[in-house]
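Descriptive analysis of the structure
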Amino acid sequence: MRRGFWSSWTGWFRPWIHALEINGLRDWRENRLTIALSKRCAVPLISGGDRHGREPNATLNLTNATTFGEIAREVRRGRSQVVLIPQYRGPLGLRIIENFTEIVSEAPDHGLGWTHWTQRVFRRCDDGHVRSLHTMCKAKPPMTLRAVTSTFRMLSHRRIRPALGWAMPQSRELV
């Protein structure tokens, strides 16, 4: 992109942009571009990712803060330290499969008792009410969803995962 765009971006929007995110479910090329943009625009870098499972994200922020408000203040002051945990070196596709599999797995310790994944997926219906997939499908999701979730569970099985990881491209370059 042209240098003029970044000058405009920095000048116009910088007061409202507190940080840029590198994401544990994005490839290294994309995250590397985000790191470069963070440096160019003097915006702190934070970790992020769409984690809906129980395993930590592949990118984490290190902090001594004890509340979200304290973390936000640190970031707004330009302080943020990101670490990539070892799983980030593994194949992105495998991380995505494992994340999805965690989402659609049982959660026996769920605080609201929503142990089956269909109890944790919601949709705003045409009548304006929000309902769980469990309620809408009378506890049995459509065959296509059952096929997709079964496929992902099979792909992330402890005996299949090593072969799948071997067959997928690895993250080759990390800073």
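Description of the structure in this document. Note that the coordinates shown come from a computational prediction; the quantities given were computed from them, not determined experimentally. (Residues numbered from 1 in each chain as written. Predicted model: local features only at pLDDT ≥ 70, side-chain atom pairs only at ≥ 80, totals over all residues. Heavy atoms only, no water.)

Turning our eyes to something else, we now look at the pattern of salt bridges. The tally for this structure, following the rule as stated, stands at three salt bridges. Arg26 is the partner of Glu30 in a salt bridge, and the nearest nitrogen-oxygen pair spans 3.7 Å. Under the relative-accessibility criterion, Glu30 is labelled partly exposed at 32%. The salt bridge partner of Arg79 is Glu74, with a shortest N-O separation of 4.0 Å. Taking the relative accessible area as the measure of exposure, Glu74 reaches 17% and is therefore buried. (Salt bridge = Lys/Arg side-chain N within 4 Å of Asp/Glu carboxyl O. Buried < 20%, exposed > 50% of the residue type's maximum accessible area, 1.4 Å probe, protein only.)

Let us now look at helix H3 (residues 68–76). Buried within H3 we find Ala72, Glu74 and Val75. Projected down its long axis, H3 shows its buried positions confined to an angular sector of 160°, all on one face. Where H3 is buried, its residues contact strand E2 (45–48). Directly beyond the C-terminal end of H3, a positive phi value near 90° is found at Gly78. (Helix = DSSP H or I, 4+ residues; strand = E, 2+ residues; numbered from the N terminus. Arc of directions from axis to C-beta. Contact = heavy atoms within 4.5 Å.)

For Ser150, the location among the structural elements is in helix H6 (residues 143–155). Here the alpha-carbon distance between Ser150 and Thr101, two residues 49 residues apart in the chain, equals 9.0 Å.

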